[in-house]
Amino acid sequence: MKNYNKKNCNFYYKISSEDNKDNVEIYIGQSCGKQLQNEILSAQKEVLIISPYVDMCKLYDLINLHDKGINVHIAFSKPYNRGHEEEILRKLIIQEKHIDEIKYNQKLNKLKKNRNMAFCSLILGIAIIILSVVAMFNTYSLNLYFLASLPFFIGLRYLIKKKESLNKLPIYYYTYKERIKFKYFWEYNNNRFIHSKIYIIDRRVAYLGSINFTYNGFNSNFETRVRITHQDQIENLVDFVNNIFNDHSNFNGHQIDYLGKDVHGEVLY
């Protein structure tokens, strides 16, 4: 079956098996991802995706599927243009903030001790000032009280510095987890760049071609895609995709703690 629409510059070709069970469909043109989008959103169990580029629009689709209990995996590469890269990673990585109770209590006790010492110093300083005013007309006494007040101001300055350093004692630590299962190739190891576009839905249908997992890739760009339903070939593709997810030598992925800290930031005190 062939269909060529000159107006939209689209091309469609379909090869059916004798029993019409297994089909190969080729589509070239715009709106190349329309059928793919419908099948992704209708997934019942699993969606596996490899695409060098991803945008927020499509990422929300995967998050919604995950929230419905669908097993979602996506592998993507570091974009040449950072754009919304950090925003995407912030969505993919959940940061959890924790308080170190031991360090927190130690810090609290030290701050209380410092505060008490500062209060005593303040009382002493006020007393020295009052005595200085009383002895204002006695030059000898005034000089004596002035000299006596120097240790007070030195001590007060020390307590202020001490409080500043205590305030910067770390009491928080962070852990990170993936919102959905993903592999982010943030380095081009051994000159390997993942440029494949593979979509497998429920292990019953697979798409190959040039469609990136972006809104423009699915809708406005002029793309090419092949849709297959041959089960043996789909199982081979599943193995191939899983190998990429599990291969940490040739295709080294992200370190979630490093990325999480980079995109979320960490306040330690």
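Residues numbered from 1 in each chain as written. Predicted model: local features only at pLDDT ≥ 70, side-chain atom pairs only at ≥ 80, totals over all residues. Heavy atoms only, no water.

**Here's the deal with helix α7 (residues 231-246)**
Selection criterion: Helix numbers and strand numbers start at the N terminus; a helix is a DSSP run of H or I with at least 4 residues, a strand a run of E with at least 2. Each helix should span, by expectation, one fewer than its residue count multiplied by 1.5 Å. Burial status follows relative accessibility: with a 1.4 Å probe on protein chains alone, a residue under 20% of its type maximum counts as buried, one over 50% as exposed, and anything between as partly exposed. The reported arc concerns the directions from the helix axis to the C-beta atoms and nothing else. Any pair of residues with heavy atoms lying within 4.5 Å of one another is described as a contacting pair.
Its 16 residues place the ends of α7 22 Å apart at the C-alpha level, agreeing with the 22 Å of an ideal helix rising 1.5 Å per residue. Within α7 the residues assigned to the buried category are Ile234, Leu237, Val238, Val241, Ile244 and Phe245. Projected onto a plane normal to the axis of α7, the buried residues spread over an arc of 125 degrees and lie on a single side. Along α7, exposed side chains directed more than 90 degrees from the buried face belong to Asp232, Asn243 and Asn246. Residues of α7 that are buried in the fold lie against β4 (46-50), β5 (71-77), β8 (181-185), β9 (198-201), β10 (205-209) and β11 (223-228).

**Remarks on a nonpolar patch on the surface**
Rules: Two joining distances apply to patches: 9 Å for like charges and 5 Å for nonpolar side chains (Val, Leu, Ile, Met, Phe, Trp, Tyr), and every residue must have over 30% relative accessible area and no salt bridge. Surface accessibility follows the Shrake-Rupley procedure with a 1.4 Å probe radius. Residue values consider only the protein chains on display as shielding. The term salt bridge refers to a side-chain nitrogen of Lys or Arg lying within 4 Å of a carboxyl oxygen of Asp or Glu.
On the surface, a cluster of nonpolar side chains totalling about 230 Å² of accessible area is made up of Ile99, Tyr104 and Leu108. Residue position: tyrosine 104 is located in helix α4 (residues 101-134). For tyrosine 104, a relative accessible area of 34% puts it in the partly exposed group.

**Notes on the pattern of salt bridges**
Tallied over the full model, the rule gives eight salt bridges. The salt bridge partner of glutamate 86 is arginine 90, with a shortest N-O separation of 3.8 Å. Of the two residues, glutamate 86 and arginine 90 both sit in helix α3 (residues 85-92), four residues apart, roughly one turn of that helix. Look at glutamate 86 and you get partly exposed, because its relative accessible area is 32%. Since its relative accessible area comes to 35%, arginine 90 is described here as partly exposed. Put simply, glutamate 178 and lysine 181 hold a salt bridge, and the shortest N to O gap is 3.9 Å. Residue classification places glutamate 178 among the partly exposed positions, given a relative accessible area of 27%.

**Examining the pairing of β10**
Worth spelling out the cut-off: Note on pairing: DSSP must find at least two bridges between two strands before they are called paired.
For β9 and β10, the ladder comprises four bridges, and the chain directions are antiparallel. Bridging from a neighbouring strand, isoleucine 198 pairs with leucine 208 of β10. In this structure, the hairpin formed by β9 and β10 is closed by a connection of three residues, where aspartate 202 is found at a positive phi of approximately 55 degrees. For β10 and β11, the ladder comprises four bridges, and the chain directions are antiparallel.

**As for the nonpolar core**
The cut-off we apply is this: What is meant by a nonpolar core is a set of buried Ala, Val, Leu, Ile, Met, Phe, Trp, Tyr and Cys residues, joined one to another through side-chain atoms within 4.5 Å.
Ranked by internal contacts, the top residues of the largest apolar core, which has 37 residues, are Ile40, Leu62, Ile74, Phe76, Tyr199 and Phe213. Every residue in contact with phenylalanine 76, bar those within four places of it in the chain, is listed here: Ser51, Pro52, Val54, Ile88, Leu89, Leu92, Phe182, Lys183, Tyr184 and Phe185. Counting residues in each nonpolar core, the second largest holds 15 residues, with Ile50, Ile228, Leu237 and Val241 among its members.

**Considering the confidence of the model for the protein**
Note the threshold: pLDDT expresses, on a scale from 0 to 100, how confident the predictor is about each individual residue.
Overall, the predicted model of the protein reaches an average pLDDT of 82, with 72% of residues at or above 70. The lowest-confidence element of the protein is strand β1 (residues 2-5), averaging 57 in pLDDT; the highest-confidence one is β9, averaging 98.

**Focus on the packing of α3 against helix α8 (residues 256-264)**
Our working rule: Axes here refer to lines fitted to C-alpha atoms; in helices the fit is confined to the stretch in contact. Angles between the N-to-C directions go from 0 to 180 degrees. Any angle from 65 to 115 degrees is called roughly perpendicular, while one under 35 is roughly parallel, one over 145 is roughly antiparallel, and all others are oblique. For any helix crossing, the convention is left-handed if the near helix is rotated counterclockwise from the far helix by under a right angle, and right-handed if that rotation is clockwise.
At a minimum axis separation of 9 Å, α3 and α8 run at an interaxial angle of 120 degrees. When the axes of α3 and α8 are compared, the pair comes out oblique. Every pair of crossing elements has a handedness; the one defined by α3 and α8 is left-handed. When α3 is examined against α8, the residues Glu86, Leu89 and Arg90 are found in contact with a partner set consisting of Leu259, Val263 and His264.

**Regarding the environment of isoleucine 160**
Checked against the element boundaries, isoleucine 160 lands in helix α5 (residues 139-167). For the pair isoleucine 160 and arginine 115, spaced 45 residues apart in the sequence, the C-alpha separation amounts to 9.5 Å.

**What about the environment of proline 170?**
By the secondary structure assignment, proline 170 is in the loop between α5 and β7 (172-178). Along the sequence, proline 170 and tyrosine 104 sit 66 residues apart, while their C-alpha atoms lie 8.3 Å from each other. Ignoring sequence-local partners within four residues, the contact set of proline 170 consists of Lys103, Leu268 and Tyr269.

**Things to note about the packing of aromatic side chains**
Going by this rule: Pairing of aromatic rings covers Phe, Tyr and the six-membered ring of Trp, with a centre-to-centre limit of 6.5 Å; geometry is then stacked below 30 degrees between planes, edge-to-face above 60, and tilted otherwise.
A complete count under the given rule lists five aromatic pairs for this structure. Ring centres 5.0 Å apart and planes at 35 degrees place the aromatic pair phenylalanine 76 and tyrosine 184 in the tilted group. Linking phenylalanine 76 in strand β5 with tyrosine 184 in strand β8, this pair joins segments that are 108 residues apart in sequence. A residue is classified by how much of its surface remains accessible, and phenylalanine 76, at 3% relative accessible area, is buried. With centroids separated by 5.8 Å and ring planes inclined at 70 degrees, the aromatic side chains of phenylalanine 213 and phenylalanine 218 adopt a geometry described as edge-to-face. Both residues of the pair, phenylalanine 213 and phenylalanine 218, count as buried. Put simply, the rings of Phe76, Phe182 and Tyr184 touch in pairs and so form one group of aromatic residues.

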